[in-house]
Amino acid sequence: MVSAYHFDRQTGTLSYINKQPTLGSITAHNTITRDGTKLLVANYGMGEGGPDRSVVVYGLRDDGGLTAPLSGVAHSGTGPDAARQERPHSHSVTETIAGGVAMVADLGIDRLVSYRIGPDGGLTRLAESALAPGAGPRHVALHPGGRLVFVMNELDSTVVSLALDEASGRLTEIDTKPAVPAAARDGNHCADIQISPDGRFLYGSNRGHDSVAVFSVDQQTGTLALVDHAPSGGATPRNLALTPSGRHLFSANQNADRISILARDAATGRLTDTGRFIDIGTPMCVKIVR
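Quantities reported herein were computed from a predicted structural model and do not represent experimental measurements. (Residues numbered from 1 in each chain as written. Predicted model: local features only at pLDDT ≥ 70, side-chain atom pairs only at ≥ 80, totals over all residues. Heavy atoms only, no water.)

**Description of the packing of aromatic side chains**
Point 1. Following the criterion strictly, the structure yields one aromatic pair and no others.
Point 2. Centre to centre, the rings of Tyr5 and Tyr16 are 5.8 Å apart; their planes meet at 70°, and the pair counts as edge-to-face. Taken as a pair, Tyr5 in strand S1 (residues 2–8) and Tyr16 in strand S2 (residues 13–20) lie far apart in primary sequence, eleven residues in all.
Point 3. Residue Tyr5 is classed as partly exposed on the basis of its relative accessible area of 47%.
Point 4. When the ring centre of Phe277 is taken as reference, the NZ or CZ atom of Arg258 above it lies at 3.5 Å. (Phe/Tyr/Trp six-rings, centres within 6.5 Å; stacked < 30°, edge-to-face > 60°. Helix = DSSP H or I, 4+ residues; strand = E, 2+ residues; numbered from the N terminus. Buried < 20%, exposed > 50% of the residue type's maximum accessible area, 1.4 Å probe, protein only. Lys NZ or Arg CZ within 6 Å of the ring centre and 35° of its normal.)

**A few points about unusual backbone geometry**
Point 1. Its identity is not glycine, yet Asp110 carries a phi of approximately 55°, on the positive side.
Point 2. Residue placement: Asp110 occurs in the loop between strand S8 (101–106) and strand S9 (111–117).
Point 3. Phi is positive for Thr236, which is not a glycine, with a value near 65°.
Point 4. Structurally, Thr236 can be placed in the loop between strand S18 (224–231) and strand S19 (237–242).
Point 5. Its relative accessible area of 14% is what places Thr236 among the buried residues.

**Structural notes on the sheet that holds strand S16 (residues 201–207)**
Point 1. With antiparallel pairing, four strands are arranged side by side in an open sheet as S15-S16-S17-S18. Here the strands that pair on one side only, and so sit at the sheet edges, are strand S15 (189–195) and S18. Strand-to-strand twist across the sheet, computed as the mean angle between neighbouring axes with direction ignored, equals 25°.
Point 2. Pairing between S16 and strand S17 (residues 211–217): six bridges, direction antiparallel. Note that in S17 the partner of Gly204 across the bridge is Ala213. (Pairing = 2+ DSSP bridges. Axes fitted to C-alpha atoms, helices over the stretch in contact; angles between N-to-C directions.)

**Focus on the pairing of strand S22 (residues 271–279)**
Point 1. One ladder, built from six bridges, connects strand S21 (residues 258–264) with S22; its direction is antiparallel. Note on S22: the bridge partner recorded for Leu262 is Asp273.
Point 2. Count of turn residues in the S21/S22 antiparallel hairpin: six residues, of which Gly269 carries a positive phi of about 85°.

**Description of the environment of Asn153**
Point 1. Here Asn153 lies in strand S12 (residues 148–153).
Point 2. Spatially, the C-alpha atoms of Asn153 and Leu262 are 23 Å apart, while their sequence positions differ by 109 residues.
Point 3. Aside from chain neighbours lying at most four places away, what touches Asn153 is Leu131, Ala135, Gly136, Pro137, Thr158, Val160 and Cys190. (Contact = heavy atoms within 4.5 Å.)

**Quick look at empty space enclosed by the protein**
Point 1. Across all of its chains, the model carries one cavity of 30 Å³ or more by this definition.
Point 2. Its boundaries defined by the atoms lining it, the largest cavity holds a volume of some 30 Å³.
Point 3. Lining the largest cavity are Asn43, Tyr44, Gly45, Asp52, Arg53, Ser54, Arg87 and Pro88.
Point 4. Class assignment for the residues of the lining of the largest cavity results in two nonpolar, three polar and three charged. (1 Å grid on protein atoms, 1.4 Å probe; cavity = no way out; pocket = protein on both sides within 12 Å on 5 of 7 lines; lining within 4 Å. Points joined across faces, edges and corners; volume = space filled by probe spheres on them. Nonpolar A, V, L, I, M, F, W, Y, C, P; charged D, E, K, R; others polar.)

**Some points on the pairing of S16**
Point 1. Across the seven residues of S16, seven count as buried, placing the element largely inside the fold.
Point 2. Burial of S16 is two-sided: the residues Phe201, Tyr203, Ser205 and Arg207 facing one way and the residues Leu202, Gly204 and Asn206 facing the other way are all buried.
Point 3. In the sheet, S15 pairs with S16 via five bridges, with the strands oriented antiparallel. Pairing of Ile193 across the sheet is with Gly204, part of S16.
Point 4. In this antiparallel pair of consecutive strands, S15 and S16, the connection spans five residues, and Gly199 shows a positive phi of 75°.

**Structural notes on the pattern of salt bridges**
Point 1. One pass over the full model with this rule turns up eleven salt bridges.
Point 2. With a shortest N-O distance of 2.5 Å, Arg125 and Glu128 are connected by a salt bridge.
Point 3. Since its relative accessible area comes to 30%, Glu128 is described here as partly exposed.
Point 4. With a shortest N-O distance of 2.8 Å, Glu154 and Arg138 are connected by a salt bridge. Residue Glu154 is found in the loop between S12 and strand S13 (158–164), and its partner Arg138 is found in strand S11 (residues 137–142); the two are separated by 16 residues along the sequence. Each member of the pair Glu154 and Arg138 is classed as buried. (Salt bridge = Lys/Arg side-chain N within 4 Å of Asp/Glu carboxyl O.)

**Regarding a nonpolar patch on the surface**
Point 1. Taken together, Tyr5, Phe7, Leu14, Tyr16 and Val289 make up a surface patch of nonpolar side chains, about 540 Å² in accessible area.
Point 2. Going through the elements one at a time, S1 and S2 are the ones with two or more residues in the nonpolar patch.
Point 3. Relative to the assigned elements, Phe7 resides in strand S1. (Patch = residues over 30% accessible without salt bridge, like charges linked within 9 Å, V, L, I, M, F, W, Y side chains within 5 Å. Areas by Shrake-Rupley, 256 points an atom, 1.4 Å probe, with all protein chains shown as cover.)

**Structural notes on the nonpolar core**
Point 1. Within the largest apolar cluster, 14 residues are counted, with the highest numbers of intra-cluster contacts made by Phe150, Val159, Ile193, Leu202 and Leu224.
Point 2. Among the elements of the structure, S12, S15 and S17 are those that each provide at least two residues to this core.
Point 3. Here Val159 is in contact with Val151, Met152, Asp175, Thr176, Lys177, Ala179, Ile193, Leu202, Phe215 and Leu224, once residues within four sequence places are set aside. (Core = buried A, V, L, I, M, F, W, Y, C linked by side-chain atoms within 4.5 Å.)

Structure representation (structure tokens):
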């Protein structure tokens, strides 16, 4: 299921509105479209049988509630990792900067699948962009300029930069870099990726190495250069969030029951632990209310 809540900014409280079926299982990620009219949901969808939609679209009512599903699509295929890629596993859905095109990172088939989002919520498949076999794409970050896309690959612990063709939805690989030192690769699973407000630095979370990989981005070519592996401040950093100012990064350290607050140097991109944190059980995702 996917649920809608009203957030009262003055009191900081949530009130339930409604819920709708996701038409899939192990729902992993959702995003509101840039025009504020629809919600896109990605279903990781483990197991056989039952609802099997990889991506589903909902309308947003005036009160913030969800309409019944407007459309849904199913992916097909497998990958070389028999344990993790026995079928499609959509892990995230991200709309392009220009809007109207959704990119789905499917860990199970090593592909980024692009869709045109119709006014009625329909999804028209534009392109499938293949990554390295066994990469396991998980989350996506967009350069503010709109022409570059960055992907965190969970299974092979790499970060990939790609060029986006907005008209066709196709992505062309520019560069790939390891997200952890070679000695740590076997015990690591990458998770989230964020980009600085100016588009100059990428931040990727490493579960196992328990670090945040920092990369600089060449603004002309889109190539990547490693800056640092900063300690995440706790075990299993599943999700990251940059503050709107770009001065701090929050790391949701799932198995440490802690959200660590890291300071960011805007000039170098480097992170340092502030020593401040939020104790909370099993943090999975952090969003900043703007």
